[in-house]
Amino acid sequence: MYLSQIAPIAILMDELRSEDVQLRLNAIHSIPTIALALGPDRARDELVPFLQDSIDDEDEVLLALAEELGRNFEQYIGGKEYAHLLLAPLENLSSVEETLVRDKAAESITKIAAVLSKAQIEEYCIPLLKRLSGAEWFTSRTSSAALYPAVYDQVSPAIQDDLRKGFAALGSDDTPMVRRAAAKWLGPLLLKFSDPYILSDALPVYRRLESDDQDSVRLLTVEDLIAIAGKLKQSEIKEQLLKQIRHSIGDKSWRVRYMAATHFNEARDSLSKAVGKEITREELIGQYVQLLKDNEAEVRTAASSQIPGFSELLEKEVILARIVPCVRDLSQDSSQHVRAALAMQISGLAPLLGRESTIEHLLPLFLQLLKDDFPEVRLNIISKLEIVNNVIGIELLSENLLPAIVELAEDKSWRVRQAIIEYIPPLAKQLGKPFFDEQLGNLCMSWLGDTVYSIREAATINLKNLTDVFGVEWSRSAIVPKVMGMGQHPNYLFRMTTVQAITIIMPSLNLDIVRSEIVESLLQLASDPIPNIRFNVAKSLEVLATAYGNTPEGKTFVQQRIIPVLEQQKNDQDADVRYFAARALQKAVVET
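Residues numbered from 1 in each chain as written. Predicted model: local features only at pLDDT ≥ 70, side-chain atom pairs only at ≥ 80, totals over all residues. Heavy atoms only, no water.

(A) Structural view of the overall build of the protein chain. Helix and strand content of the protein chain: 39 helices and zero strands. By its C-alpha atoms, the protein chain is 85 × 80 × 40 Å across when sized along the principal axes. Buried residues in the protein chain amount to 53% of all 592 residues. Considering only residue pairs separated by 6 or more positions, the protein chain has 68% of its internal contacts joining residues 24 or more positions apart. Approximately 26,600 Å² of the protein chain is accessible, and the part contributed by carbon and sulfur atoms is 50%. Across the protein chain, 63 positive and 83 negative side-chain charges occur, with their mean positions spaced 4 Å apart. (Helix = DSSP H or I, 4+ residues; strand = E, 2+ residues; numbered from the N terminus. Buried < 20%, exposed > 50% of the residue type's maximum accessible area, 1.4 Å probe, protein only. Contact = heavy atoms within 4.5 Å. Areas by Shrake-Rupley, 256 points an atom, 1.4 Å probe, with all protein chains shown as cover. Lys, Arg positive; Asp, Glu negative; His and termini not counted. Charge placed at Lys NZ, Arg CZ, Asp CG, Glu CD.)

(B) Highlighting the side chain of R417. Considering the arrangement of structural elements, one finds R417 in helix 29 (residues 414-431). With a relative accessible area of 9%, R417 lands in the buried category. Of note is the side chain of R417, whose polar atom sits 3.0 Å from the side chain of D450. Residues within four places of R417 in sequence aside, it is in contact with L408, A409, E410, D411, K412, D450, V452 and I455. (Polar contact = N/O pair within 3.5 Å; in protein donor to acceptor, adjacent residues only side chain to side chain.)

(C) Region of interest: the pattern of salt bridges. Scanning the entire structure with this criterion turns up 33 salt bridges. K464 is the partner of D468 in a salt bridge, and the nearest nitrogen-oxygen pair spans 3.2 Å. Here D468 and its partner K464 are both found in helix 32 (residues 453-470), four residues apart, which amounts to about one turn of the helix. Take D468: its relative accessible area is 48%, and that puts it in the partly exposed class. Note on K464: relative accessible area 24%, which makes it partly exposed. Notably, a salt bridge pairs K587 with E542, separated by 3.0 Å at the nearest N-O pair. Of the two residues, K587 is situated in helix 39 (residues 575-591) and E542 in helix 37 (residues 531-548); the sequence distance between them amounts to 45 residues. Classification of E542 by relative accessible area gives buried; the value is 8%. It is possible to trace a salt-bridge network through shared partners that takes in E473, R476, D512 and E517. (Salt bridge = Lys/Arg side-chain N within 4 Å of Asp/Glu carboxyl O.)

(D) Region of the structure containing the packing of aromatic side chains. Tallying each qualifying case throughout the model produces 11 aromatic pairs. Aromatic side chains F470 and W474 sit 4.9 Å apart centroid to centroid with 65° between the ring planes, which places their arrangement in the edge-to-face category. Taken together through their ring pairs, the aromatic side chains of F264, Y288 and F310 make up a single cluster. Taking NZ or CZ as reference, R164 lies 3.5 Å from the ring centre of Y197, over its face. (Phe/Tyr/Trp six-rings, centres within 6.5 Å; stacked < 30°, edge-to-face > 60°. Lys NZ or Arg CZ within 6 Å of the ring centre and 35° of its normal.)

(E) Main features of empty space enclosed by the protein. For the coordinates displayed, the defined rule picks out one cavity of 30 Å³ or more. Size it by volume and the largest cavity reaches roughly 50 Å³. Lining the largest cavity are I109, T110, A113, C125, L128, L129, L147, A150 and V151. Considered class by class, the residues forming the lining of the largest cavity number eight nonpolar, one polar and no charged. (1 Å grid on protein atoms, 1.4 Å probe; cavity = no way out; pocket = protein on both sides within 12 Å on 5 of 7 lines; lining within 4 Å. Points joined across faces, edges and corners; volume = space filled by probe spheres on them. Nonpolar A, V, L, I, M, F, W, Y, C, P; charged D, E, K, R; others polar.)

(F) Spotlight on the environment of A404. Mapped onto the elements of the fold, A404 is located in helix 28 (residues 394-408). As a C-alpha pair, A404 and P375 span 29 residues in sequence and 14 Å in three-dimensional space. Each residue touching A404, except ones within four places of it in the same chain, is listed here: L367 and L370.

(G) Region of the structure containing the packing of helix 36 (residues 511-524) against helix 38 (residues 552-569). At their nearest, the axes of helix 36 and helix 38 sit 12 Å apart, and the two run at 0° to each other. One way to sum up the angle between helix 36 and helix 38 is to call them roughly parallel. Contacts between helix 36 and helix 38 involve L511, V514, R515, V519, E520 and L523 from the former and E553, G554, F557, R561, I562 and V565 from the latter. Here the contact of helix 36 with helix 38 is built from residues that sort into seven nonpolar, one polar and four charged. (Axes fitted to C-alpha atoms, helices over the stretch in contact; angles between N-to-C directions. Parallel < 35°, antiparallel > 145°, perpendicular 65-115°, else oblique.)

(H) Summary view of the UniProt feature "repeat: HEAT" (unreviewed entry) in the protein chain. Within this numbering scheme, the UniProt entry marks residues 86-124, 202-240, 284-322, 323-361, 362-400, 401-439, 518-551 and 562-592 as carrying the feature "repeat: HEAT" (unreviewed entry). Secondary structure across residues 86-124 comprises 79% helix and 0% strand; the distance between its end C-alpha atoms is 11 Å. Regarding residues 284-322, the helix share stands at 74% and the strand share at 0%, and the terminal C-alpha atoms are separated by 12 Å. (UniProt positions renumbered as here; feature names shortened; annotations may be inferred.)

(I) Quick peek at helix 28. Along its 15 residues, helix 28 runs just 18 Å from first to last C-alpha, ending more than 12% under the 21 Å computed at 1.5 Å per residue. Within helix 28, the axis deviates most sharply at L401, by approximately 55°, and proline P403 lies no more than four positions further along. Along helix 28, the residues that are buried comprise I394, L396, L397, S398, L401, L402, A404, I405 and L408. (Expected span 1.5 Å × (residues − 1). Bend = angle between axes of the 7 residues up to and from the residue.)

(J) Representation of unusual backbone geometry within the structure. In the Ramachandran plot, N72 falls in the positive-phi region, its phi being about 50° despite a non-glycine side chain. Secondary-structure assignment places N72 in the loop between helix 5 (59-69) and helix 6 (87-93). Owing to a relative accessible area of 48%, N72 belongs among the partly exposed residues under this scheme.

(K) The arrangement of helix 24 (residues 336-345) in detail. Along helix 24, the positions that sit buried rather than exposed are V338, R339, A340, A341, L342 and A343. Where helix 24 is buried, its residues touch helix 21 (297-304), helix 22 (307-311), helix 23 (316-330), helix 25 (350-370) and helix 26 (375-383). Sitting at the amino-terminal end of helix 24 is S335, which places a side-chain oxygen 3.3 Å from the backbone nitrogen of H337.

(L) Local environment of the layout of surface pockets. Approximately 400 Å³ is the volume attributed to the largest pocket. Mapped by element, the contributors of at least two residues to the lining of the largest pocket are helix 7 (99-115), helix 9 (138-145) and helix 12 (176-190). In terms of residue count, the dominant contributor to the lining of the largest pocket is helix 7 (eight residues). Of the residues that constitute the lining of the largest pocket, the class distribution is eight nonpolar, four polar and six charged.

(M) Up close: a negative patch on the surface. The grouping of E58, D59, E60 and E97 at the surface amounts to a negative patch. In this fold, D59 is placed in helix 5. (Patch = residues over 30% accessible without salt bridge, like charges linked within 9 Å, V, L, I, M, F, W, Y side chains within 5 Å.)

(N) Spatial organisation of the environment of T142. With respect to the element layout, T142 can be found in helix 9. Residues T142 and R476, spaced 334 residues apart in sequence, show a C-alpha to C-alpha distance of 71 Å. Setting aside residues no more than four positions away along its own chain, T142 makes contact with R102, M177, V178 and A181.

Okay, structure coming up:
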């Protein structure tokens, strides 16, 4: 035998025996290359048996092996007809102690099962599944639960009967870890069941797991409950599942109640969606109110985040009678996280309640939450005010909430100040020019002098957005003089803010305003003693040349006023100034 034929497998063996874990990991990741070098026949005859015997190693290496075997590895051993050969090493990996390795092995077996024919599944996968399900050590039985959904609908009815019995045995296993795996995979499996078997087979397994003495098992049954409800008729849900729904929502473990709360309405597969609007209205309102009043803050937080979605299923009178009193209590909750979750969602009730009820019931709560001690609560309320505005109108909103907004504009938390700034342009649009100038104009300018850079940056973007809302003539009289006035300030940060603000606002203005109001002061700052200001001026001139150099008038302006200054800056003593001036000059020359 030639050395080149022996080499790949010999090198792999040597590297897998190395004491260096990283070397062994690299060897495992290279097995596709080695399989390619060996060819399909030798890969099947030598490499796969070798890998099957190589499971006495570090968990990290075994995890890599389980992953590689599930990455279309069958293409290296002759294609789909030989894919079943990979099941043997993966079966060994499904029995190891480390959960991550077992999960990855089960995932890879599932991928391989997807490319096998029905005959191959019955011949190779089903015996493997039975061996794992009946193994003495719990690790194998735990892994087996994940494989049932992958093969169930690929086999004959007789084998399906056996599989349902096998899975039922896992659901009543002595070991909690096995029962937990059964609870996790029951939902995906029962989706493959035909309707008669939901009541005869899936429901008994679910009921047994739902009443398990371990809360780690019970919390996983919430998703099973939703899956079963989705397969039953309304009458069957009332008859078979209402008791279990009440159990889960009123479970003695807060973790189970939390899981029920998170899946109540907002999840993709939610409980209220699965049971239907009628049962939700008749049976689930009381259960939901119970979650909103739960004694654990985590459960109340989860339930609060579902308020608008759940309320959409109810009549307005029911919302006012059952949900709004809970909302009132939650707005004064002792947990800041509950109040923050409520603040994010409460505005969603406004469209459902209408103008009068929102003014009467929700507006006082908005004001209260806007003055909350916790910044995130204030932030969440601000971010959703537009929804309320659409319902009650800007006059009432400004009359009641504007004082609170002005107060928040000076909040000690810069994130709250930033949120207020981002809310200003849509608010300005609704307030109109005169009202805005009177109430908020000076406030917007004051942010340019904030001590936090992010606020100054947000303030300049805000001015640009306001220019887009109110037009260039408004900007010419209300913004530009004040911004340019800061360019003479002794503090360099104010002068820097002037340059940055003009850079951002300039594209929204016109050449006439730039020429008459801006360029003189900007060019003076090109010789500022602070290098940071000088190179920011160069950046600003680059923007100016790009924005206005594409018209005959603009080209003349750039050539006469901008290029000479940039030529001068190109010889500046500071390297950064020279770099940005050269870049701006290149752009300016191209534009003209």
